[in-house]
Amino acid sequence: MCNTQKSGGAVGTVLIENDRVRVTRWDFPQPGDCTGWHRHEHDYVVVPLFDGDLWIDNGAETVISSLTIGGSYFRQAGVEHDVCNGNDGACSFIEVELLEASPRG
């Protein structure tokens, strides 16, 4: 489902970065634009700025994630995936990475 003909296309702009958090706005200008394969080193929260779908390739399958504006979600460190725009137009979200050590150790 992710457009394998395109390498990336998504643009990440760091809005805030300090010892505790990194806030990045991810913009997907075109349908099929992707972040590229990556692994999250920190726990993080995503806040969608659109209503629509992202295609999440986790290496085993591609899952459609239907999102709504402001409908945030949390994931723990270690997630590996490629995130792609599954919409007919542009979409964006805010990602907040929690840089401090996890209380789990």
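Not measured: the values here are computed from a predicted model.

On to the confidence of the model for the protein chain, then. Scored by pLDDT, the protein chain has a mean of 91; 89% of the residues are at 70 or more. Every residue in residues 1–6 is under pLDDT 50, and counting partners more than four places away or in other chains gives 15 contacts.

Attention now moves to the pattern of salt bridges. All told, the structure shown has five salt bridges when counted by the stated rule. For Glu-17, the salt bridge goes to Arg-22, with nearest N and O atoms at 3.0 Å. Under the relative-accessibility criterion, Arg-22 is labelled partly exposed at 22%. One salt bridge connects Arg-20 with Glu-100, and the closest N-O pair in it is separated by 2.9 Å. Here Glu-100 lies in the segment after strand E9 (91–98) and Arg-20 lies in the loop between strand E1 (11–17) and strand E2 (21–28), a separation of 80 residues in the sequence.

Rules behind the numbers
- Numbers given for residues are sequential positions, taken from 1 along each chain in its written order.
- Owing to the predicted nature of the model, reporting of local features is limited to residues with pLDDT of at least 70; listing and counting of side-chain atom pairs is limited to 80 or more, with chain, interface and lining totals taken over all residues.
- The basis for every side-chain value is the complete set of heavy atoms in the structure, and neither hydrogens nor water enter the calculation.
- pLDDT expresses how confident the predictor is about each individual residue, on a scale running from 0 to 100.
- We call two residues in contact when some of their heavy atoms are within 4.5 Å.
- What counts as a salt bridge is simple: a side-chain nitrogen of Lys or Arg found within 4 Å of a carboxyl oxygen of Asp or Glu.
- Only protein chains enter the accessibility calculation, which uses a 1.4 Å probe. A residue is then buried if its area is under 20% of the maximum for its type, exposed if over 50%, and partly exposed in between.
- Each helix is a run of DSSP H or I of at least 4 residues and each strand a run of E of at least 2, with the numbering of both proceeding from the N terminus.

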